[in-house]
Each structure stands twice: as C-alpha cells, then as structure tokens.
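Letter by letter, the chains look like this.
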Amino acid sequence: QNTASKLVKHAEIIGKEKNLSTSYMLIDTENSVSLSMANSLNYEIFQTWDFYSLDPKINSNHKVTFEKSLNRELYPQFVKSWRWLPIDDLTLKSFYDENNIVKSCIGENDSIGILCDSEHFDKTLIVTLFSNSDDSVLEILSFLQNFGVKKNYERIQILTREQLPNFDSLESKISFHLMKKQLI
C-alpha cells in the first residue's frame with residue numbers, strides 16, 4: 001500500500017504540473033485495501049460503474065436509431081479505452097459523423113449507447129451505456145450483438161452505471177468505483 005500511495009502522489013504532482021484540476025482512479029468495489037488507500041489520500045467515490053461483456057452474434061431484432069442530438073448535461077462523459085472523458089463539441093461532432101451514438105426509445109424511456117473502438121485490444125468495441133429502461137436497453141443490446149458481427153468485432157465491452165437486465169450472452173464482470181480528487 002505504501003508503494004501504491006507513493007505512485008499516486010507522484011501522478012498527482014505530474015497532474016498539478018500540467019495544470020490538471022482533477023485526478024481519477026478506478027477501484028474494484030470489493031478491494032477494501034485499495035479503497036482505504038484512496039480514502040487516506042482524500043479520494044472520494046464519484047460514481048460506481050459496472051463492466052459487462054457481450055458476445056457478437058446475428059440478432060436483427062432491434063429498434064435503434066443513430067442519435068444526432070445529445071444532451072451533454074444528461075450524458076457528459078464517455079469511456080474510451082478505460083478512460084472517462086468529457087464530451088466536448090469536437091468529440092460530439094465526430095460521434096454524429098461516424099454514427100457512434102445509438103438510441104432506443106420505448107415510450108418516454110430512452111437508452112443511449114456511445115460506441116468506441118478499443119485502443120488496447122484488437123477487434124474490441126467499448127460501449128458507454130446509459131440505460132433508462134430495461135425495454136430500451138434490450139433493444140440496444142440486440143443492436144450491439146448484430147453490429148459486432150457486421151463490423152467483425154470479437155468482443156463487446158459495456159460500461160454502465162445501471163444494472164442491466166438478463167440477456168443472451170451478457171455477462172457481468174466487475175463493479176468498480178470511479179474515485180475522484182480535486183488537485184487544485
């Protein structure tokens with residue numbers, strides 16, 4: 001734990017030198033030793049996320065659209081290769097141009113998925129999923145399976161703050177806290 005604390009403090013110094021205002025870290029919700037270390041360094045739990053895997057397969061039974069108008073107050077960030085990044089104007093335009101935002105709306109309850117290629121694993125799709133109902137998220141999961149086959153992905157990784165409903169080949173892998181500390 002002492003070595004880990006020293007590494008985190010060193011990373012914070014680098015962050016301050018680069019005028020970064022916030023430091024984040026991911027910790028498994030069951031890792032009490034690391035959570036204690038983070039708390040001792042004044043990190044707080046900012047959000048809790050769940051990581052799921054989904055197998056690509058032919059599944060043409062889905063109702064989704066490509067979203068061209070995203071409310072950044074409701075969806076302020078996305079995950080890109082396990083980094084939580086804010087959605088700025090340039091990123092949003094790129095998402096629209098490349099059809100990287102999918103939406104399913106059932107009644108007044110919609111779910112949104114933001115799609116990104118992994119920078120670390122070949123043929124891996126990373127999806128930041130915002131679920132507002134089981135029905136609408138099931139439509140997105142069906143779409144993702146089919147999209148995975150069409151685009152030749154071997155893996156689909158889903159990160160979400162909501163617990164997802166049971167679905168064919170959807171597997172819950174881990175829950176973790178996104179920890180946050182103000183540096184400035």
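For the structure given in this document, a descriptive report is provided here. All of these numbers come straight from a predicted model, not from anything done at the bench.

Attention now moves to the pattern of salt bridges. Under the definition given, this model contains nine salt bridges. Note that Glu67 and Lys103 form a salt bridge whose closest N and O atoms lie 3.8 Å from each other. Of this pair, Glu67 sits in the loop between β3 (65–66) and β4 (77–80) while Lys103 sits in strand β6 (residues 101–106), placing them 36 residues apart in sequence. Arg72 serves as the salt-bridge partner of Asp89, at 2.6 Å between the closest nitrogen and oxygen. With Asp89 in helix α3 (residues 89–97) and Arg72 in the loop between β3 and β4, this residue pair connects regions lying 17 residues apart in the sequence. By relative accessible area, Asp89 is classed as exposed at 55%. Since its relative accessible area comes to 30%, Arg72 is described here as partly exposed. A single salt-bridge network, built from bridges that share partners, covers Glu67, Lys103 and Asp110.

A complete count under the given rule lists eleven aromatic pairs for this structure. Aromatic pair Phe51 and Trp82: ring centres 5.1 Å apart, planes at 70 degrees, arrangement edge-to-face. A residue pair is termed long-range when its members are at least 10 positions apart, and Phe51 in strand β2 (residues 44–54) and Trp82 in the loop between β4 and β5 (83–86) qualify at 31 residues. Take Trp82: its relative accessible area is 28%, and that puts it in the partly exposed class. The structure contains a cluster of three or more aromatic residues connected by ring pairs, namely Trp49, Phe51, Trp82, Trp84 and Phe176.

The next subject is the sheet that holds strand β1 (residues 22–28). Sheet strands line up and pair through hydrogen bonds in the backbone, either parallel or antiparallel. Spatially, the eight strands line up as an open sheet ordered β1-β10-β2-β9-β8-β7-β6-β3, and their pairing is mixed. Edge positions in the sheet fall to β1 and β3, since each has one partner strand and no second. Both β2 and strand β9 (residues 155–160) contribute to a ladder of five bridges, which runs antiparallel. Across the sheet, Tyr52 pairs through a bridge with Ile158, a residue of β9. Sheet contacts for helix α4 (residues 134–150): β2, β3, β6, β7 (109–117), β8 (124–130) and β9; angle to β7, the most-contacted strand, approximately 25 degrees.

Attention now goes to the side chain of Ser23. With respect to the helices and strands, Ser23 occurs in strand β1. Among the polar contacts listed, one links the side chain of Ser23 to the side chain of Tyr43, at a separation of 2.7 Å. Beyond its immediate stretch of four places on either side in the chain, Ser23 contacts Glu12, Tyr43, Met179, Lys180, Lys181 and Leu183.

Our focus in this paragraph is helix α2 (residues 32–40). Residues lying three or four places apart along an α-helix face the same way, a consequence of the helix completing one turn every 3.6 residues. Along α2, the residues that are buried comprise Leu35, Met37 and Ala38. Seen from one end, α2 has its buried residues packed into an arc of 160 degrees, which puts them on one side. Seen from the open side of α2, the exposed residues pointing more than 90 degrees away from its buried face are Ser32, Val33 and Ser40. Along its buried surface, α2 packs onto α1 (2–17), β1 and β10 (171–182).

Scoring rules and cut-offs
- Residues numbered from 1 in each chain as written.
- Predicted model: local features only at pLDDT ≥ 70, side-chain atom pairs only at ≥ 80, totals over all residues.
- Heavy atoms only, no water.
- Salt bridge = Lys/Arg side-chain N within 4 Å of Asp/Glu carboxyl O.
- Helix = DSSP H or I, 4+ residues; strand = E, 2+ residues; numbered from the N terminus.
- Buried < 20%, exposed > 50% of the residue type's maximum accessible area, 1.4 Å probe, protein only.
- Phe/Tyr/Trp six-rings, centres within 6.5 Å; stacked < 30°, edge-to-face > 60°.
- Pairing = 2+ DSSP bridges.
- Contact = heavy atoms within 4.5 Å.
- Axes fitted to C-alpha atoms, helices over the stretch in contact; angles between N-to-C directions.
- Polar contact = N/O pair within 3.5 Å; in protein donor to acceptor, adjacent residues only side chain to side chain.
- Arc of directions from axis to C-beta.

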